[in-house]
Amino acid sequence: MKRPLVALLLLCAGLPVAQAEPAGRADRTDVAASDANGRPFSTEGKPNGAKLPTGQQKGDLTNEIDERRFGEKPEDVAFTAFQLGRFLTALRLATPLARSGNPAAQTLLGEIYAGGLGVPADPKRAAGWYARAAEAGVPAAQFQYALMLLDGEYVEKNESFADRLLKQAAEGGNANAQFNYAQRLLSNSGAKALTEAVKWYEAAALQGVPDAQYAYANWLSGEIDGVSRDMGEARKWLVKAANGGMAAARVELATWLFSGKGGERDFDRGFGLLLQTAATGNIAAQSQLAKAYIYGYGAEPDTVEAASWYITARRAGLRDQELDDLMDGLSEEQKQQALQRANRR
């Protein structure tokens, strides 16, 4: 899939904490939240079919449980149970609070049902609780519910309402909402919204969102609008995004290190980035690594090794004229050697 205007990539998992309690535990209880399902919400505006920009931030729950995501903790014991992975206990304790209107407890239930934590995943029920907490102003719930409104699978699709919620969540400090709201601004309004979008990219970048750091680096370097602003600063943000594990940033940083863009050349580091990223299956890294072997960037020139990486990338659907020319210039013996190396990966 091509990245949107700012050349961004990458998406949703559950909350990686301790194992959920076995279904047969004594604290299992009937916690049907039918009062949350079907709660009316705004249906202003018609969906226009636009897709939510791809990104690691699309609906991700953070790797560490941050109590601030629930606003005020619904109750120490419920939140502690959630932290410890005792999801059924958390569910039992938070449900009466959520039904009585506690937005933190509602958000907690949304997380549990959305992630299938201790119970079967139930996105529709999660949507009901997120909607109520979003209405009460919890940024994390606003963000999650906005994603559901954009997707339209479990609630009626409503992009205008989703954009309003994303903005509110962004203003409330939710880093993922800040990044996704910037994406929406650019995808819907283009250049005229650039100033506003950049403000949110920077805000999310400062909170450590790799996609936002990559976007902000692209703005500083002129990749977004052709206006180069500060290449040295752009490289610093690109490094942050790469260190955050973003594959696209790692590949781009490698090319900057080879060319000396935004700072000194560093062939060894650039080669290392490509090799590590190529090994994960990233075809852009594999093709760039092939070229690094052709030109001897960070390693001795090796056309057979270059060809082997191109074969690997080509199997995944990538085609590159420069690398096709390389293959055409190899002997049959060299092609067989390259094929054997690719087959061993």
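These notes cover the structure that comes with them.

## Focus on the packing of aromatic side chains
- The tally for this structure, following the rule as stated, stands at 11 aromatic pairs.
- Note on Tyr181 and Trp200: the rings are 6.3 Å apart at their centroids and 70° apart in plane angle, and the pair reads as edge-to-face. Separated by 19 residues along the polypeptide, Tyr181 in helix α7 (residues 175-189) and Trp200 in helix α8 (residues 194-206) bring together distant segments of the chain.
- When its relative accessible area of 9% is taken as the criterion, Tyr181 is described as buried.
- Residue Trp200 is classed as buried on the basis of its relative accessible area of 8%.
- Ring centres of Tyr216 and Trp219 lie 5.7 Å apart, and the angle between their planes is 15°; on these two criteria the pair is classed as stacked.

## Here we look at the pattern of salt bridges
- Throughout the structure, instances matching the rule amount to 16 salt bridges.
- As a salt-bridge pair, Asp163 and Arg184 come within 2.9 Å of each other at their nearest N and O atoms. Separated by 21 residues along the polypeptide, Asp163 in helix α6 (residues 159-171) and Arg184 in helix α7 bring together distant segments of the chain.
- For the salt bridge of Asp324 with Arg319, the shortest nitrogen-to-oxygen distance reads 3.3 Å.

## Description of helix α11 (residues 247-259)
- Over its 13 residues, α11 extends 19 Å from the first C-alpha to the last, a length consistent with the 18 Å expected when each residue adds 1.5 Å.
- Most of α11 is tucked away, with 11 of its 13 residues classed as buried.
- For α11, the set of buried residues is Ala247, Ala248, Ala249, Arg250, Val251, Glu252, Leu253, Ala254, Trp256, Leu257 and Phe258.
- Against the buried residues of α11 lie α9 (210-221), α10 (231-243), α12 (267-278) and α13 (283-295).
- Downstream of α11 by one or two residues, Gly260 has phi in the positive range, about 80°.

## Topic: the side chain of Gln178
- In this fold, Gln178 is placed in helix α7.
- What Gln178 contacts, discounting residues up to four positions off in sequence, is Ala170, Gly173, Trp200, Ala203, Ala204 and Gln207.

## Describing the packing of helix α4 (residues 123-135) against helix α5 (residues 139-151)
- Following both chains from N to C, one finds α4 and α5 inclined at 130°, their axes separated by 8 Å at the closest point. Comparing their axes, α5 and α4 come out oblique. Crossing hand, α4 versus α5: left-handed. Across the interface between the two elements, Pro123, Ala126, Ala127, Tyr130, Ala131, Ala133 and Ala134 from α4 touch Ala141, Gln142, Gln144, Tyr145 and Met148 from α5.
- Across the contact of α4 with α5, the residue classes tally to 10 nonpolar, 2 polar and no charged.

Parameters and conventions
- Residues numbered from 1 in each chain as written.
- Predicted model: local features only at pLDDT ≥ 70, side-chain atom pairs only at ≥ 80, totals over all residues.
- Heavy atoms only, no water.
- Phe/Tyr/Trp six-rings, centres within 6.5 Å; stacked < 30°, edge-to-face > 60°.
- Helix = DSSP H or I, 4+ residues; strand = E, 2+ residues; numbered from the N terminus.
- Buried < 20%, exposed > 50% of the residue type's maximum accessible area, 1.4 Å probe, protein only.
- Salt bridge = Lys/Arg side-chain N within 4 Å of Asp/Glu carboxyl O.
- Expected span 1.5 Å × (residues − 1).
- Contact = heavy atoms within 4.5 Å.
- Axes fitted to C-alpha atoms, helices over the stretch in contact; angles between N-to-C directions.
- Parallel < 35°, antiparallel > 145°, perpendicular 65-115°, else oblique.
- Left-handed = near helix turned anticlockwise from the far one by under 90°.
- Nonpolar A, V, L, I, M, F, W, Y, C, P; charged D, E, K, R; others polar.

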